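Topology and contacts: notes
This is what each chain is made of:
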Protein chains: 2
Amino acid sequence: VTYLRVKIDGKMKDFRTIWMENSVVKMIDQTKLPYKFEIFTSKDHHETARAIKNMVVRGAPAIGAAGAYGTVQATIEATKTSSFDKTLKKYVNELKNTRPTAVDLFHAIDRVLDQVRNGTTNGEWIELARNEADEIVRESVYACKRIGEYGNKLIKNGYKILTHCNAGWLACVDWGTALAPIYVAHRSGKDVFVFVDETRPRLQGAKLTAWELEQECIPYAIIADNAAGYYMQKREIDMVIVGADRVTVDGSVTNKIGTYEKAVVAKENGIPFYVAVPMSTLDFDITRDEIKIEERSGNEVLYVYGINHREKFNEVRIAPSKSKALNPAFDITPSEFITSFITEKGIFKPNELKKLKRKKSEMISTC
Amino acid sequence: VTYLRVKIDGKMKDFRTIWMENSVVKMIDQTKLPYKFEIFTSKDHHETARAIKNMVVRGAPAIGAAGAYGTVQATIEATKTSSFDKTLKKYVNELKNTRPTAVDLFHAIDRVLDQVRNGTTNGEWIELARNEADEIVRESVYACKRIGEYGNKLIKNGYKILTHCNAGWLACVDWGTALAPIYVAHRSGKDVFVFVDETRPRLQGAKLTAWELEQECIPYAIIADNAAGYYMQKREIDMVIVGADRVTVDGSVTNKIGTYEKAVVAKENGIPFYVAVPMSTLDFDITRDEIKIEERSGNEVLYVYGINHREKFNEVRIAPSKSKALNPAFDITPSEFITSFITEKGIFKPNELKKLKRKKSEMISTC
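Residues numbered from 1 in each chain as written. Chains lettered and ligands numbered in written order. Predicted model: local features only at pLDDT ≥ 70, side-chain atom pairs only at ≥ 80, totals over all residues. Heavy atoms only, no water.

1. What to know about helix H6 (residues 180–187) of chain A
Residues and elements named next belong to chain A.
- Judged by how many residues are buried, H6 sits mostly within the fold: six of eight residues are covered.
- Ala180, Pro181, Ile182, Tyr183, Val184 and Ala185 are the residues of H6 that are buried.
- Considering only its buried residues, H6 is in contact with helix H5 (122–152), strand S6 (159–163), strand S7 (192–197), helix H7 (204–216) and strand S9 (239–242).
- The first or second residue beyond H6 is Gly189, which carries a positive phi of 100°. (Buried < 20%, exposed > 50% of the residue type's maximum accessible area, 1.4 Å probe, protein only. Helix = DSSP H or I, 4+ residues; strand = E, 2+ residues; numbered from the N terminus. Contact = heavy atoms within 4.5 Å.)

2. So, the interface of chain A and chain B
- Counting residues at the interface gives 66 residues for chain A, matched by 66 residues for chain B.
- With both sides pooled, the region where chain A packs onto chain B buries about 4900 Å², and carbon together with sulfur makes up 56% of that total.
- For the pair chain A and chain B, the number of links is six salt bridges.
- For the salt bridge of Arg200 of chain B with Glu198 of chain A, the shortest nitrogen-to-oxygen distance reads 2.6 Å.
- Secondary-structure elements contributing two or more residues to the side of chain A that touches chain B are H7, strand S8 (220–223), helix H8 (228–233), helix H9 (259–268), helix H10 (299–302), strand S14 (303–307), strand S15 (313–317) and strand S16 (330–333) of chain A. (Buried area = accessible area lost by both parts, 1.4 Å probe. Salt bridge = Lys/Arg side-chain N within 4 Å of Asp/Glu carboxyl O.)

3. Topic: empty space enclosed by the protein
- Enumeration over the complete set of coordinates arrives at four cavities of 30 Å³ or more.
- Its volume calculated, the largest cavity comes out at about 220 Å³.
- Taken together, 23 residues line the largest cavity, and the ones lying closest to its centre are Arg58, Gly59, Ala60, Asn166 and Asp245 of chain B.
- Looking at the lining of the largest cavity, the elements that each hand over two or more residues are helix H2 (60–79) and strand S11 (253–256) of chain B.
- Along the lines of polarity and charge, the residues of the lining of the largest cavity split into 12 nonpolar, seven polar and four charged.
- Of the voids in this model, the second largest cavity is the one considered here, and its volume is about 170 Å³.
- In terms of lining, the second largest cavity is formed by 20 residues, of which the most central are Arg58, Gly59, Ala60, Asn166 and Asp245 of chain A.
- Sorting the residues of the lining of the second largest cavity by element identifies helix H2 (60–79) and strand S11 (253–256) of chain A as the ones contributing at least two each.
- Top contributing element to the lining of the second largest cavity by residue count: H2 of chain A, with three residues.
- Counted by class, the lining of the second largest cavity contains nine nonpolar, seven polar and four charged residues. (1 Å grid on protein atoms, 1.4 Å probe; cavity = no way out; pocket = protein on both sides within 12 Å on 5 of 7 lines; lining within 4 Å. Points joined across faces, edges and corners; volume = space filled by probe spheres on them. Nonpolar A, V, L, I, M, F, W, Y, C, P; charged D, E, K, R; others polar.)

4. A few points about the nonpolar core
- Counting residues in hydrophobic clusters, the biggest one holds 159 residues, and the most contacted among them are Ile222 of chain A together with Ile222 of chain B.
- Membership of the second largest hydrophobic core comes to 78 residues, among which are Met232 and Phe284 of chain A together with Ile257 and Phe341 of chain B. (Core = buried A, V, L, I, M, F, W, Y, C linked by side-chain atoms within 4.5 Å.)

5. A closer look at the pattern of salt bridges
Residues and elements named next belong to chain A.
- Tallied over the full model, the rule gives 52 salt bridges over all chains.
- The closest approach of N and O atoms between Lys32 and Glu38, which form a salt bridge, is 3.0 Å.
- On the basis of relative accessibility, which here comes to 23%, the residue Lys32 falls in the partly exposed class.
- One salt-bridge network, in which partners are shared between bridges, spans Arg99, Arg202, Glu294, Arg296 and Glu300.

6. Observations regarding the relation of the copies chain A and chain B
- Each copy of the sequence occupies a distinct position, and chain A is placed on chain B by a rotation of 180° and an axial shift of 0.0 Å, giving an RMSD of 0.0 Å. Given the turn and translation reported, the copies of this chain are related as if by a two-fold rotation axis.
- Residue by residue, 100% of the interface of chain A is reproduced at the interface of chain B, so both copies engage with the same surface. (Least-squares fit on C-alpha atoms with pLDDT ≥ 70 in both.)

7. Describing the packing of helix H1 (residues 45–53) of chain B against H2 of chain B
All names here are of chain B.
- Close contact between H1 and H2 brings their axes to 8 Å; oriented N to C, the two are set at 160°. As summarised for this structure, H1 and H2 are arranged roughly antiparallel, according to the angle between their axes. Once H1 is placed against H2, the crossing between them reads as left-handed. Taking contact as the criterion, the partners of His45, Thr48 and Ile52 in H1 are, on H2, Ile63, Ala66, Gly67, Gly70, Gln73, Ala74 and Glu77. (Axes fitted to C-alpha atoms, helices over the stretch in contact; angles between N-to-C directions. Parallel < 35°, antiparallel > 145°, perpendicular 65-115°, else oblique. Left-handed = near helix turned anticlockwise from the far one by under 90°.)

8. Comments concerning unusual backbone geometry
- Look at the link from Leu33 of chain B to Pro34 of chain B: it is a cis peptide, with omega at 5°.
- Topologically, Pro34 of chain B is positioned in the loop between strand S4 (24–28) and strand S5 (39–42).
- Going from Arg200 of chain B to Pro201 of chain B, the amide bond is cis rather than trans, its omega being 5°.
- Structurally, Pro201 of chain B is set in the loop between strand S7 (192–197) and helix H7 (204–215).
- Its identity is not glycine, yet Cys217 of chain A carries a phi of approximately 55°, on the positive side.
- If you trace the backbone, Cys217 of chain A turns up in the loop between H7 and S8.
- Positioned with a positive phi, Thr199 of chain B is a non-glycine residue whose angle comes to about 70°.
- For Thr199 of chain B, the position within the fold is in the loop between S7 and H7.

9. Structural notes on the environment of Lys345 of chain A
Residues and elements named next belong to chain A.
- Looking at the element boundaries, Lys345 is found in the loop between strand S17 (340–343) and strand S18 (346–348).
- Exposure remark for Lys345: the relative accessible area of 33% places this residue in the partly exposed category.
- Taking C-alpha positions, Lys345 is 27 Å from Leu208, a pair spaced 137 residues apart along the chain.

10. Quick look at the packing of helix H1 (residues 45–53) of chain A against helix H3 (residues 84–96) of chain A
All names here are of chain A.
- As a packed pair, H1 and H3 sit with axes 8 Å apart at the nearest point and diverge in direction by 15°. Between H1 and H3, the interaxial angle falls into the category roughly parallel. Like other packed secondary-structure pairs, H1 and H3 cross with a definite hand, here left-handed. Residues His45, His46, Thr48, Ala49 and Ile52 of H1 touch H3, and the partners they reach there are Tyr91, Glu94 and Leu95.
- A class-by-class count of the residues in the contact of H1 with H3 yields four nonpolar, three polar and one charged.

11. Thoughts on the sheet that holds strand S16 (residues 330–333) of chain B
Residue and element names in this part refer to chain B.
- Pairing is mixed in the open sheet, where four strands are placed in the order S13-S10-S11-S16. Of all the strands in the sheet, the pair left with one neighbour each is strand S13 (282–283) and S16.
- The pairing of strand S10 (residues 246–248) with S13 spans two bridges and is classified as parallel. When the bridges of S13 are listed, Val247 appears paired with Leu282.
- Its contacts with the sheet place helix H9 (residues 259–268) against S11 and S16, and it is angled at close to 30° to S16. (Pairing = 2+ DSSP bridges.)

12. Regarding the packing of aromatic side chains
- Per the counting criterion, the structure on display carries 22 aromatic pairs over all chains.
- Feature note: the residues Phe15, Trp19, Phe37 and Trp211 of chain A constitute an aromatic cluster, connected by ring pairs.
- Note that Lys256 of chain B overlies the ring of Phe330 of chain B, its terminal NZ or CZ placed 4.5 Å from the centroid.
- Across from the ring centre of Phe337 of chain B, 5.2 Å away, lies the NZ or CZ of Lys267 of chain B, which sits over that ring. (Phe/Tyr/Trp six-rings, centres within 6.5 Å; stacked < 30°, edge-to-face > 60°. Lys NZ or Arg CZ within 6 Å of the ring centre and 35° of its normal.)

Here it is, written out as structure tokens:
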């Protein structure tokens, strides 16, 4: 068992991004990072749903874990009502209606529900739900660790690596996807340097990836998203690694807005572009044209949240008071811009994804 | 004579970005926009140099005008010392050492100095400097207006146009470069919509371009720089127009960081990418490899400046307290990504720039 290591008041402590204690879900509050390290306690499925929606927890695999644990909470709560099935369905829909793009959320919830259906008593329902949620989390941590080991093989000593958004510990239960290979490389003694796209509008790069790299003492620099192309053009970036919220069978990658631009510019400059994903992020049921891109509030662009010189939380407006903004949260990068996928089953070219379809169903059926 | 129109307390007033009254240079304080409309008064060359450095005035043609007026101030001040030539040289170097990338600054200062050399008395020196500075400003306004008229021919009714950074009125003395065609199109009755890249790290798009478009009542939306590719991929952008700080004879464009990424993604999607520049921005003396890219403080990335909910100026930190950032202010877009240049002499393909070299020397010699 591995845990992410967090420096708190100068001491190393072990944490995971999200875990469950009895009927309570606990998670690192990612809206407070990098300023404060706080644990958010969610006492029921309703609070868990709200935490997903408000991005207290975010990142595809972490959202999956939150969905799984939230479904356990929903199951526990539903046993206390007179209509278990109807109530559970209603509660679960609340969990599903939080964020539309990450497939892990729906996969995880459905896996727990499928197990619950095998039960006949309150006790069985709860136990089956809890066991399946724990299994999803175990698989997730294992998958991320394997992604790190496979990805490490691609990283040479001295590499400078660009990443976009946060696909680290905080986006998963542990290790991360895009950052896992960097952690494994660094722990194995390789020199690495990370260019961290700040990742507007929510600044997950500047806030979360930078914070994670600080914990691991990995050298890095934050850059404006606009500067990634500059460093690629100057050959100061050896490879790009990003995560993904959804990968379709044609090899298209739905990920944080801006990923598409970075991939196009990487290809133009002959820089390899890797997408690190657990198998749970592969969605073979739909094509890329069916993916619904979440449009978030324009206020996320117009207001920037941080702490001021008095170390107090504050929000500043960066535009005229009447301005409107458009804010798509994700974009889709076609397979032609992707060098390879780094998964827990190995490294695959986009056109090899089809054969993973079989492997994936094997994996799920045997877990 | 045209002037940019500013709504102040509900009334339209005419302004230019920068002008001179006796020995005082006045300019719209662009560090206060879009929150407050204030005129910054610079009483000597030293304050003018600091205003350029601190981006009270910014944008290649506006910096050129500031450099010209600052040189008039330096000339006036030097006449009051015992060593005119030596002092003038020292003062002018202070003006030149403010921002290294925009060629207009150096061109404008040298043009004024060349005229001053023709004088022999204090009175002549000052008059020659002032006349040449006024001429530079006249040419700049005329050039921007012509750029608007030529560029307007490329804009069809209903066009959605992406722009990066601010190359409008505020970047020039009047009209703008990239925005001039949009203003001419809108005033001639065409429907246009502008996607405004917020333009991190300094947010000139969200702060200045949005403010200008508000004054002209042109519909627009601010987007995170990361979202430009998304809208290009969806074919919601018909054309891109940007300005430039320097264009070399091979057709390479030095402009605000992020321009290169937008140009690469535009080409990938078959969207025309135009660069609007006055001839004064063409630099035929150097190649693109000799261009010095300004590296600005990483704090411009790590801290975001705006106003809080009490309408007070505030600055928030968006990263861990120990984080470092890299902050190149410009990038270089090779000619292969540029559809055409929109200049006051007409519209030219990158490989036609060489013939402008002759036209340019003609223009300067006859002005």
